[in-house]
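Here is what each chain is made of, one letter per residue.
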Number of protein chains: 4
Amino acid sequence: MSWLETSIMNTLGVGRGGKTVTHELTEAKQGKYHYTMGPYSDPVLHIKPGDRVIVETRDAFEGAIKTEQDMPTQKLKMPFLNPQNGPIMIEGAEKGDVVAVYIETMAPRGPNPRGTCAMIPEFGALTGTYYTATLNDPLPEVVRKINVDEQFVYWSERVTLPYKPHIGTLSCSPEIDSINSLTPDNHGGNMDLPDMGPGSITYLPVRSPGGRLFIGDAHACQGDGEVCGVAVEYPTVTTIRVDLIKGWNIEWPRLENEEVIMAIGSARPLEDAARIAYKELVLWMVKNYGFDKWDAYMMLSQCGKVRLGNFVDPKYTVGAAISKKYLALK
Amino acid sequence: MSWLETSIMNTLGVGRGGKTVTHELTEAKQGKYHYTMGPYSDPVLHIKPGDRVIVETRDAFEGAIKTEQDMPTQKLKMPFLNPQNGPIMIEGAEKGDVVAVYIETMAPRGPNPRGTCAMIPEFGALTGTYYTATLNDPLPEVVRKINVDEQFVYWSERVTLPYKPHIGTLSCSPEIDSINSLTPDNHGGNMDLPDMGPGSITYLPVRSPGGRLFIGDAHACQGDGEVCGVAVEYPTVTTIRVDLIKGWNIEWPRLENEEVIMAIGSARPLEDAARIAYKELVLWMVKNYGFDKWDAYMMLSQCGKVRLGNFVDPKYTVGAAISKKYLALK
Amino acid sequence: MSWLETSIMNTLGVGRGGKTVTHELTEAKQGKYHYTMGPYSDPVLHIKPGDRVIVETRDAFEGAIKTEQDMPTQKLKMPFLNPQNGPIMIEGAEKGDVVAVYIETMAPRGPNPRGTCAMIPEFGALTGTYYTATLNDPLPEVVRKINVDEQFVYWSERVTLPYKPHIGTLSCSPEIDSINSLTPDNHGGNMDLPDMGPGSITYLPVRSPGGRLFIGDAHACQGDGEVCGVAVEYPTVTTIRVDLIKGWNIEWPRLENEEVIMAIGSARPLEDAARIAYKELVLWMVKNYGFDKWDAYMMLSQCGKVRLGNFVDPKYTVGAAISKKYLALK
Amino acid sequence: MSWLETSIMNTLGVGRGGKTVTHELTEAKQGKYHYTMGPYSDPVLHIKPGDRVIVETRDAFEGAIKTEQDMPTQKLKMPFLNPQNGPIMIEGAEKGDVVAVYIETMAPRGPNPRGTCAMIPEFGALTGTYYTATLNDPLPEVVRKINVDEQFVYWSERVTLPYKPHIGTLSCSPEIDSINSLTPDNHGGNMDLPDMGPGSITYLPVRSPGGRLFIGDAHACQGDGEVCGVAVEYPTVTTIRVDLIKGWNIEWPRLENEEVIMAIGSARPLEDAARIAYKELVLWMVKNYGFDKWDAYMMLSQCGKVRLGNFVDPKYTVGAAISKKYLALK
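Residues numbered from 1 in each chain as written. Chains lettered and ligands numbered in written order. Predicted model: local features only at pLDDT ≥ 70, side-chain atom pairs only at ≥ 80, totals over all residues. Heavy atoms only, no water.

Thoughts on the pairing of strand S8 (residues 142-148) of chain B
Residues and elements named next belong to chain B.
Okay, so step 1: Most of S8 sits inside the fold, with 5 of its 7 residues counted as buried.
Okay, so step 2: Where strand S7 (residues 114-119) meets S8, 6 bridges bridge the pair, whose relative direction is antiparallel. Within the sheet, the bridge partner assigned to Gly-115 lies in S8 and is Ile-146.
Okay, so step 3: Of the pairings in the sheet, the one linking S8 to strand S9 (residues 152-154) comprises 2 bridges and is antiparallel in character. Each residue of the ladder has a partner; that of Asn-147, found in S9, is Tyr-154.
Okay, so step 4: In this structure, the hairpin formed by S8 and S9 is closed by a connection of 3 residues. (Buried < 20%, exposed > 50% of the residue type's maximum accessible area, 1.4 Å probe, protein only. Helix = DSSP H or I, 4+ residues; strand = E, 2+ residues; numbered from the N terminus. Pairing = 2+ DSSP bridges.)

Right under this line is the structure:
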């Protein structure tokens, strides 16, 4: 039996055991992509819990960087970056529920798929930025176009990296804010967590009717922290299955895969993101796994695992996880 | 051939291929343990590069917490915490060199070995602290005594954790500062990095004659971030092999094991620790592995790995690593 | 001659020397107050540069806390806090312009005016918060109702404070984001700067057609940092004069009064807010006052003045100022 | 009657009303200046509570930068910066006491006194630094020599600043650490608070026998935050009166002048320094001025004043103050 059978999604989802309808959210059907996630945009798709959606995502630069001579400062126009598919309306979703997003597959899109990496002035972790404001000259602009297939990312003559795709930006809508797609927060958003790939389920808090799911920003691979600010950004065909869990009132996104459960926090400074993630994990262990609060806190001090999502966006993202094997009752 | 044969230590160490003398640094020989790491204390041992030292470390509470009824506020006396063995003088070590510490083994010490975990008021990541000052009532004091053997940490009736020992505090002396053993910085110190266990080599910058090596703070296991502020603290017999690399002028500690090389930064806020670690890793790849600086920076954005040491000490520690397989020349 | 005559607003404003029409933005005319500042809400008023607006602001709790027995957790409903008047459309305002807001007067509103202060659980600087997440019990809820007149704030039997009103939240709309009124950023927003009172001019970057000015969150007085998270919140009649400066492309809000010019940054951690403020001030001195960049930077190290707006909101606010007397050419 | 008569120092000091002996701590008597503050150095002077000391301080560069052509990277040698006079032993001082330092006068020293300002690579608030590590090229090195007299600082042809001297670095010794003189913490140290000039009394926690007072780092003037990292550094004759308050157990330094009392915190990130300062001020108001804790907290939210000392050192310094007029009992 697959771990999926016993996942939270398949145990509590409204759509479990039902008929799975498959929808396509092509570029044409999407039409205009979105640069904010909020309650003010028009839905592009209505689905039922348990349905599958095949999404054509655009890369974070919306294809504007076609060659290594296309400089970001020439081709990109803030704040129109990181285009999102959606919003997808999930039938029955209301404030206080959770939308579950199981990523089935992610494939490079296009006849000769290439990813893009770039050094963008005053963006990234090892440079002065818009918020960490300095008077230093910016780093040089550099663009890399990288061949990608479903096995490898051909980084350079010297280095070939494994293809480990994930979704960088995923969220339901905030209740009243409309937040640009570069910023993560308690709705999800631009978390850049390498764990959010095929085989993972992300749980997103619902704060407006229908949930209003947004998805985009696929990465063919990414290191912890996304240190230069850009991963191997590429367009994909991404297949997700979406379910709805009623009455699960969570403050921050959570994630599950075969090995772990993970709570996710996004904030600055970075320690606040880590505090949020670990606090949410403690509360989760107490509420759903029967741990005493102080036992959970002290035990995570011995076996918690931390993933640094990004520390380059306007807010930074940290996931705190625990192996499922420590959650079982003896 | 073991990876050790090709390690930096065995390639560049003064003691490579020489005779290995084994020293014992017992409790008796150590005498008074140290609570600061600096240039003002008397050496307890003089060794040559390549020598082995068998060290009897004390736990971070120096054995003062014997039962679950021994409350930290009663038994501990700041700043006399985290006792360190040392200083050990390494023959020939001078400012601008590196001391390499290969951890061979770590075994629990005593007839019926137990580790200690505790919640200490205003200490830990999920509470107001001395520096993140709040007016909230402190969390309760809780003490856990945990049976430990060389296979398992018997956390609770419900949960048994694997024995994964590491050294929490390791450093040479700063040049002029004498820094309490709770604080990590560019000398090393209280880094609490789970990677610093048997099978790892830590490279420490030398800033005073003889290097003045300090070691202590063994953990039978520890999660990323050491979230409650305390790991499974226990006394050990720890066996290290110490070597000296002349003229390797590094600013921050580094680590090597079979899989990765890792640069280590300690600072607040946490993003500064991560910045230091990644910057040092970029510079290392450029200087010793022939990478172009911007290629290294962008590539780490795709394959860098981050370990959160602690985010509970007066400064926080992050390790940034890259797999050795990406360092090889084709 | 008043300093106003030589202010930037009166020197460069489109409305200078023209006829000043006075508008009233009463509660009735405002209708629904707003909890986000963005481009998606319906305008309540259209004015011309140079016009005056008399605004009836509500207090930050929208009057929901009427007695010292009204507990915030019972009476307040996140995120519907800090109600804003607006949006006010300024004729001719376009992206790349600046809206200038001169605050003429602020008077308490109502027959028996009282301000409100409160300790709100997990809000404020000396407690764990939503972002600085801890497991401590929250501080107690405490509510204070304080009599206010145009001379004094009658804090307690023991302490009477001077009436020093200011506007806590002021901004034009972001380009695509709609940001809750609790959060400051480069649009302005909830800056909580005590300098933003009668006799000050605030310069706000325009990012959408008409500027879309929002105003609210009046404080009868406030200390630096607004340490408990709440000032003396009260409803007012606030009279502003609004002008438009074409083609002044600023990234962050700025302020001017008789004594100083001030650049304002909002970010976390707090040092980033201070970095932004000082960098913007350096750039301002270079661009508009003829200073060499490094001379300005080094000179501010000798005579710059810093105001801490708040360090309790989702982002913190700092103003960096220089006395006008050091700007004059000899 | 001068405010001094009713100051805490003159009310509680052991030396009040006694005979004041005047000591001279000349360059010759000092001999070697110190670059760390700790318990391991030899005393240069023994005094009694109430005594006066006339100190010849050296500038922070120890005179090494003589002309505008003397580049910091050539002339300065880390960590041998910011030379301190001391340690001065105060008779009777023990752990748990406070040493009070009243600054009487500060005069420029030398026949043709000049101050020094400099931009030092990777030092200052608007540049990547050792801890906020970036890959950007450093800012240029710039040196300024500035004429100084007891009225003015002759910054440039265009700008003359008032002479407002203060002491940048002041502390008793930590208990076991020896901390470089660039770093402030709970012992005091390199706080760079403009309030610490003539007419102020600083209260320093005693943590080792005799207190071991260190003093240095005079500034002819300094802006809030010391943004470029360097003030107008100059050698002085500084006259202090030193007293001892027995059994006043404070965690962080405090300050008093005619107008205010101020608590001082030093930490990173900057909000932690502000948290410490405000928390200490709340506790002070409760313990010594009879305020209810929550009343003090909420009232400081209305009338607290914040001074940013520096945000350029390894730790940042904030003072939180309240006007003495609000402390009086009616």
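From this point, the discussion proceeds with the structure in view.
Brief notes about helix H4 (residues 270-289) of chain B
Residue and element names in this part refer to chain B.
Okay, so step 1: In this model H4 runs 28 Å from its N-terminal to its C-terminal C-alpha over 20 residues, within 8% of the 28 Å that 1.5 Å per residue would give.
Okay, so step 2: For H4, the tally of buried residues reaches 15 of 20 residues, placing the bulk of the element in the interior.
Okay, so step 3: Following H4 by one or two positions, Gly-290 adopts a phi angle in the positive range, close to 75°. (Expected span 1.5 Å × (residues − 1).)

Let's talk about the relation of the copies chain D and chain B
Okay, so step 1: When chain D is fitted onto chain B, the two copies agree to an RMSD of 0.0 Å after a turn of 180° and an axial shift of 0.0 Å. The two molecules are tied by a two-fold rotation axis, judged by turn and shift. It is D:Ser178 whose C-alpha, among those of chain D, lies nearest the rotation axis, at 2.3 Å.
Okay, so step 2: Taken together, the interface assignments show that 97% of the residues at the interface of chain D recur at the interface of chain B, consistent with an identical surface on both copies. (Least-squares fit on C-alpha atoms with pLDDT ≥ 70 in both. Contact = heavy atoms within 4.5 Å.)

Topic: the sheet that holds S8(B)
Okay, so step 1: Pairing in this open sheet of 4 strands is antiparallel, and the strands run S7-S8-S9-S10 (chain B) from one edge to the other. Two strands close off the open sheet at either side, each with one partner strand: S7 and strand S10 (161-162) of chain B.

Some thoughts on the relation of the copies chain A and chain B
Okay, so step 1: Expressed as a screw transformation, the operator carrying chain A onto chain B has a rotation angle of 180° and an axial translation of 0.0 Å, and the superposed copies differ by an RMSD of 0.0 Å.
Okay, so step 2: Counting the interface residues of chain A, we find that 100% of their copies in chain B are interface residues as well, pointing to one common contact surface.

Quick notes on the packing of helix H4 (residues 270-289) of chain D against helix H5 (residues 293-303) of chain D
Packed helices, taken two at a time, are described by the angle between their axes plus the distance between the axes.
Residues and elements named next belong to chain D.
Okay, so step 1: Between H4 and H5, the shortest axis-to-axis distance is 9 Å and the interhelical angle comes to 130°. Taken together, H4 and H5 sit at an angle that is classed as oblique. When you trace H4 past H5, the crossing you get is right-handed. Where H4 abuts H5, its residues Tyr-278, Leu-281, Val-282, Met-285 and Val-286 lie against Lys-293, Ala-296, Tyr-297, Met-299 and Leu-300. (Axes fitted to C-alpha atoms, helices over the stretch in contact; angles between N-to-C directions. Parallel < 35°, antiparallel > 145°, perpendicular 65-115°, else oblique. Left-handed = near helix turned anticlockwise from the far one by under 90°.)

Re the interface of chain A and chain B
Okay, so step 1: Taken residue by residue, the interface counts 62 residues in chain A and 62 residues in chain B.
Okay, so step 2: Roughly 5,300 Å² is buried in total at the junction of chain A and chain B, and carbon and sulfur atoms are behind 61% of that figure.
Okay, so step 3: Looking at the side of chain A facing chain B, the largest losses of area belong to A:Arg158, A:Tyr297 and A:Gln302, adding up to 17% of the total buried there.
Okay, so step 4: At the surface where chain A touches chain B, the tally comes to 2 salt bridges.
Okay, so step 5: In this structure, the salt-bridge partner of B:Arg144 is A:Asp295, at a minimum N-O distance of 2.8 Å.
Okay, so step 6: Joining chain A to chain B, the criterion identifies 38 residue pairs in polar contact (both at pLDDT 80 or more).
Okay, so step 7: Residue assignment for the side of chain A that touches chain B shows that the elements contributing at least two residues are strand S7 (114-119), strand S8 (142-148), strand S10 (161-162), helix H4 (270-289), helix H5 (293-303) and strand S19 (305-308) of chain A.
Okay, so step 8: Looking at the side of chain A that touches chain B element by element, the count peaks at 9 residues for H5(A).
Okay, so step 9: Residues of the side of chain A that touches chain B, tallied by class, amount to 39 nonpolar, 11 polar and 12 charged. (Buried area = accessible area lost by both parts, 1.4 Å probe. Salt bridge = Lys/Arg side-chain N within 4 Å of Asp/Glu carboxyl O. Polar contact = N/O pair within 3.5 Å; in protein donor to acceptor, adjacent residues only side chain to side chain. Nonpolar A, V, L, I, M, F, W, Y, C, P; charged D, E, K, R; others polar.)

Quick notes on the sheet that holds strand S16 (residues 236-245) of chain B
All names here are of chain B.
Okay, so step 1: Taken in spatial order, the 9 strands of this open sheet run S1-S4-S16-S6-S14-S17-S18-S20-S19, and their pairing is mixed. Bordering the open sheet on either side are strand S1 (22-25) and strand S19 (305-308), each of which pairs with just one other strand. Averaged over neighbouring strand pairs, the angle between their axes works out to 25° when direction is ignored.
Okay, so step 2: In this sheet, strand S18 (residues 260-267) lies alongside strand S17 (residues 254-256) in antiparallel orientation, the contact comprising 3 bridges. Within the sheet, the bridge partner assigned to Leu-255 lies in S18 and is Met-262.
Okay, so step 3: The strands that H4 touches are S17, S18, S19 and strand S20 (316-323); relative to S18, the one it contacts most, it runs at about 140°.

Considerations on the packing of aromatic side chains
Okay, so step 1: Counted by the stated rule, this structure contains 42 aromatic pairs over all chains.
Okay, so step 2: With centroids separated by 5.5 Å and ring planes inclined at 90°, the aromatic side chains of A:Tyr35 and A:Phe80 adopt a geometry described as edge-to-face. A residue pair is termed long-range when its members are at least 10 positions apart, and A:Tyr35 in the loop between helix H2 (27-30) and strand S2 (36-37) and A:Phe80 in the loop between helix H3 (72-75) and strand S5 (84-90) qualify at 45 residues.
Okay, so step 3: Classification of A:Tyr35 by relative accessible area gives buried; the value is 16%.
Okay, so step 4: In this structure an aromatic cluster arises from ring pairing among A:Tyr130, A:Tyr131 and C:Trp252. (Phe/Tyr/Trp six-rings, centres within 6.5 Å; stacked < 30°, edge-to-face > 60°.)

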